[in-house]
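As a plain string of letters, each chain reads:
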Amino acid sequence: MGVLTRSLVPRLIGRAFCLALIGLAAPASAPAQRTTFDEREVKAVFLFNFVQFVDWPDHAFSSPEDPVVIGVLGSDPFGRLLDDVVKGETVKGRPLAVIRFRRVEDIKACHVLFISPSETRMYEHILTALGTQPTLTVGETPDFTSLGMIRFLTERNRVRLEVNVEKVKAAGLTISSNLLRAARIVGAPRG
């Protein structure tokens, strides 16, 4: 896919996010349908929209002007697509920025971090290094939420979400119930 024109980005965001939410809300018994969208589009739009559905503690930003940073660690499956989705956007009064990281040690500030499958063998090191920093960690490998917070999974040609609420809470983040309603929850508090 070539670089998106500015006029296509709002339509892409709306289309991909609506399709993703429909896919999340569809019952498991719904028949599989062929998708007419690129899975990378949906995931890029989700990364953008997570910013609208997550609240960070005040200490996650050093000043009111700081951008919300969406990071990619490891091999980047999005190319320019993620940059095009967030270009010129603001959420909760903050601009958005996309930064690519080669190593977890390079991360100084990151609010949403997509950890590429290329880093699978390093997950434990990466997530330990991040500790309880207020960084929403996102991945797509089968056991990602055993260590991280949100996993993209594709079932029946739909991108779905799996959320480890204990990991989210430990990092001091709050996820909107609107997003949680459409996700598969793991790590639910016992009580």
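Everything that follows concerns the structure shown earlier in this document.
We now turn to the structure provided with this report. All figures in this text were calculated on a predicted structure; none of them were measured in a lab.

Let us now look at the side chain of threonine 141. Mapped onto the secondary structure, threonine 141 falls in the loop between strand 6 (136–139) and strand 7 (150–155). Residue threonine 141 is classed as buried on the basis of its relative accessible area, which comes to 11%. With residues up to four places along the chain from it excluded, the contact list for threonine 141 reads Pro117, Thr120, Tyr123 and Arg151.

The tally for this structure, following the rule as stated, stands at 13 salt bridges. Across the salt bridge formed by aspartate 38 and arginine 40, the nearest N and O atoms sit 2.8 Å from each other. Between arginine 103 and aspartate 106 there is a salt bridge, and its shortest N-O distance comes to 3.1 Å. Residue arginine 103 is classed as partly exposed on the basis of its relative accessible area of 47%. The partly exposed category is assigned to aspartate 106, whose relative accessible area is 33%.

In this structure, Leu47, Phe50, Val112, Leu136, Val138, Ile150 and Phe152 are the most contacted members of the largest nonpolar core, which totals 40 residues. The residues touching phenylalanine 50, leaving out its near neighbours within four places in the chain, are Trp56, Val112, Leu136, Val138, Ile150, Phe152, Leu161 and Leu179. Counting 13 residues, the second largest nonpolar core, distinct from the first, contains Val104, Ile107, Ile115 and Leu127.

All right, on to the pairing of strand 8 (residues 158–164) then. A large share of strand 8 lies buried, amounting to seven of its seven residues. Along strand 8, one buried face is formed by Arg158, Arg160, Glu162 and Asn164 and the opposite face, lined by Val159, Leu161 and Val163, is buried too. Across six bridges, the pairing between strand 7 and strand 8 is antiparallel. The partner of threonine 154 across the bridge, within strand 8, is valine 159. What sits between strand 7 and strand 8 in their antiparallel hairpin is a turn of two residues, with arginine 156 showing a positive phi close to 50°. Of the strand pairs in this sheet, strand 8 and strand 10 (residues 184–186) are connected by three bridges, and their pairing is parallel.

The next point concerns helix 4 (residues 123–130). Considered for burial, the residues of helix 4 that qualify are Tyr123, Ile126, Leu127 and Leu130. Along helix 4, the residues classed as buried sweep out an arc of 90° about the axis, all on the same side. With respect to the buried face of helix 4, the exposed residues turned more than 90 degrees away are Glu124 and Thr128. The elements touched by buried residues of helix 4 are strand 2 (68–73), strand 5 (112–115) and strand 6. A positive phi of about 55° marks glycine 131, the residue just after helix 4.

Another point: the sheet that holds strand 6. Across the sheet, eight strands lie side by side as 3-4-2-5-6-7-8-10; this open sheet has mixed pairing. Lying at the two open borders of the sheet, with one neighbouring strand each, are strand 3 (90–91) and strand 10. Judged from the two bridges that link them, strand 6 and strand 7 form a sheet pairing that is parallel. Paired with glycine 139 across the bridge in strand 7 is arginine 151.

This part covers the environment of valine 54. For valine 54, the position within the fold is in strand 1 (residues 54–55). Given the relative accessible area of 0%, valine 54 is considered buried. Here the alpha-carbon distance between valine 54 and threonine 174, two residues 120 residues apart in the chain, equals 5.6 Å. Every residue in contact with valine 54, bar those within four places of it in the chain, is listed here: Lys92, Leu136, Leu173, Thr174 and Ile175.

Calculation rules
Residues numbered from 1 in each chain as written. Predicted model: local features only at pLDDT ≥ 70, side-chain atom pairs only at ≥ 80, totals over all residues. Heavy atoms only, no water. Helix = DSSP H or I, 4+ residues; strand = E, 2+ residues; numbered from the N terminus. Buried < 20%, exposed > 50% of the residue type's maximum accessible area, 1.4 Å probe, protein only. Contact = heavy atoms within 4.5 Å. Salt bridge = Lys/Arg side-chain N within 4 Å of Asp/Glu carboxyl O. Core = buried A, V, L, I, M, F, W, Y, C linked by side-chain atoms within 4.5 Å. Pairing = 2+ DSSP bridges. Arc of directions from axis to C-beta.

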